[in-house]
Protein chains: 2
Amino acid sequence: MVAVSETLVPAELASLRASIDNLDAALVYLLAERFRCTQQVGHLKARLGLAPSDPAREEEQLQRLRALALESGLDPVFAEKVLAFIIAEVIRNHGVIAEAASSQSAKSRIDFFGLQRLVVAGWVRSPKAAL
Amino acid sequence: MVAVSETLVPAELASLRASIDNLDAALVYLLAERFRCTQQVGHLKARLGLAPSDPAREEEQLQRLRALALESGLDPVFAEKVLAFIIAEVIRNHGVIAEAASSQSAKSRIDFFGLQRLVVAGWVRSPKAAL
């Protein structure tokens, strides 16, 4: 068996690789857009206090994906593995967003109480007094 | 924290999910097309006796992917993980194709010699004699 790099790349292989490169670019841009959406979902869930993961929704997505995979001729087992991989990353991300949001609100509370103490101590004019 | 399924899905979340579903359908169809291409690559490599994996090509793909990820705003580490996952599946597939091709050619050799023995034994008329 010969390594491809030890030979000249045959024209047919080069042509298929050009198609694969185009498809990969499209996949990356679609994934980027998908993550923009799931980032928004993450922020929305954090704002509404909803759990990062949603097993019922994930089950629905898997069912739909299996049907799409069959329709498109993609191996459904592989499609499922890829989606599980992407969803795991999304849930991890939602967790990070929720944590950042809760530590941000904790920080805001600290800022508020810190500011109040300074106001009480007379170091800072009350923001209300500035109105 | 509340599970989404225990509440009504807010309209904003439902709208984002509809976008995610559309993007997922596009991703599945693109992945299916990518696999059609890599299947052809697999058959071509098996025909030409080329190795299933090609580290130089994979390195090129990773470099390109990192640039595309940065350009599109996708986390490059995640993009790399997804591509590594897809490539691993493709290489596994190429191995299966190569193995099937070599066992097919071994089977053809067995068929040929088996047929020859039958011809020699006078059980079957030689295909050449039938011409």
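Just above, that's the structure.
Residues numbered from 1 in each chain as written. Chains lettered and ligands numbered in written order. Predicted model: local features only at pLDDT ≥ 70, side-chain atom pairs only at ≥ 80, totals over all residues. Heavy atoms only, no water.

Chemist: What should I look at first to understand the pattern of salt bridges in this one?
Modeler: A side chain of one charge can pair with a side chain of the opposite charge when the charged atoms of the two come close. Overall, the coordinates contain 18 salt bridges over all chains when judged by the stated rule. One salt bridge in this structure joins aspartate 24 of chain A and arginine 34 of chain B, with 2.5 Å as the shortest N-O distance. Of the two residues, aspartate 24 of chain A sits in helix α1 (residues 11-48) while arginine 34 of chain B sits in helix α1 (residues 11-48), which places them in two different chains. Overall, aspartate 24 of chain A belongs to the buried group, its relative accessible area being 6%. A salt bridge links glutamate 80 of chain B to arginine 66 of chain B, with the shortest nitrogen-to-oxygen separation between them at 2.7 Å. (Salt bridge = Lys/Arg side-chain N within 4 Å of Asp/Glu carboxyl O. Helix = DSSP H or I, 4+ residues; strand = E, 2+ residues; numbered from the N terminus. Buried < 20%, exposed > 50% of the residue type's maximum accessible area, 1.4 Å probe, protein only.)

Chemist: Help me understand the interface of chain B and chain A, please; the structure alone is not making it clear to me.
Modeler: In many reports, interface size means the accessible area that the parts give up when they come together. The partner chain A presents 59 residues to the 59 residues of chain B that form the contact. Summed over both partners, the interface of chain B with chain A comes to about 5,600 Å²; 74% of that surface belongs to carbon and sulfur atoms. Together, Arg57, Phe78 and Phe85 of chain B form the three largest contributors to the area buried by chain B at its contact with chain A, with a combined 11%. Counting every contact that joins chain B to chain A gives 12 salt bridges. A salt bridge links arginine 17 of chain A to aspartate 54 of chain B; the nearest nitrogen and oxygen atoms lie 2.8 Å apart. Taken together, the links from chain B to chain A amount to 12 residue pairs in polar contact (both at pLDDT 80 or more). Breaking the side of chain B that touches chain A down by element, the ones donating at least two residues are α1, α2 (55-72) and α3 (76-120) of chain B. A per-element tally of the side of chain B that touches chain A places α1 of chain B first, with 29 residues. Looking at the side of chain B that touches chain A residue by residue, the class counts come to 35 nonpolar, nine polar and 15 charged. (Contact = heavy atoms within 4.5 Å. Buried area = accessible area lost by both parts, 1.4 Å probe. Polar contact = N/O pair within 3.5 Å; in protein donor to acceptor, adjacent residues only side chain to side chain. Nonpolar A, V, L, I, M, F, W, Y, C, P; charged D, E, K, R; others polar.)

Chemist: Just checking my understanding: could you explain the relation of the copies chain B and chain A for this structure?
Modeler: A rotation about some axis, followed by a shift along it, carries one copy of the chain onto the other. Here chain B sits on chain A after a turn of 180° about the axis and a move of 0.0 Å along it, with an RMSD of 0.0 Å. As the rotation angle and translation indicate, the two copies are arranged about a two-fold axis. Taking C-alpha positions as reference, the residue of chain B nearest the rotation axis is leucine 27 of chain B, located at 3.2 Å. A shared interface surface links the copies, since 100% of the contact residues of chain B are contact residues in chain A too. (Least-squares fit on C-alpha atoms with pLDDT ≥ 70 in both.)

Chemist: Whenever I open this one, the side chain of glutamine 61 of chain B confuses me. Can you help?
Modeler: By secondary structure assignment, the location of glutamine 61 of chain B is in helix α2. Dropping the residues within four chain positions of it, glutamine 61 of chain B is found in contact with Ile20, Asp21 and Asp24 of chain A together with Arg34, Leu83 and Ile87 of chain B.

Chemist: Explain the packing of helix α2 (residues 55-72) of chain A against α1 of chain B to me, please; I cannot follow it from the model alone.
Modeler: Between two packed helices, the angle of one axis relative to the other and the distance separating the axes together describe the packing. It is the contact of α2 of chain A with α1 of chain B, at a shortest axis distance of 10 Å, that shows an interaxial angle of 35°. Considering the relative orientation of α2 of chain A and α1 of chain B, their crossing is right-handed. In this structure, α2 of chain A contributes Arg57, Gln61, Arg64, Leu65, Leu68, Ala69, Glu71 and Ser72 of chain A to the contact, and α1 of chain B contributes Arg17, Ile20, Asp21, Asn22, Asp24, Ala25, Val28, Tyr29 and Ala32 of chain B. A breakdown of the residues in the contact of α2 of chain A with α1 of chain B according to their chemical character gives eight nonpolar, three polar and six charged. (Axes fitted to C-alpha atoms, helices over the stretch in contact; angles between N-to-C directions. Left-handed = near helix turned anticlockwise from the far one by under 90°.)

Chemist: What is the right way to look at α2 of chain A in this model?
Modeler: Because an α-helix packs 3.6 residues into every turn, residues spaced three or four apart end up facing the same way. All names here are of chain A. For α2, which comprises 18 residues, the first-to-last C-alpha distance of 25 Å matches the rise-based estimate of 26 Å (1.5 Å per residue) to within 8%. Every buried residue of α2 is listed here: Arg57, Gln61, Leu65, Leu68, Ala69 and Ser72. Taken down its axis, α2 places every buried residue within 105° of arc, on the same side. In α2, the exposed residues that point more than 90 degrees away from the buried face are Pro55, Glu60 and Leu70. Of the residues flanking the end of α2, it is glycine 73, one or two places downstream, whose phi is positive at about 85°. (Expected span 1.5 Å × (residues − 1). Arc of directions from axis to C-beta.)

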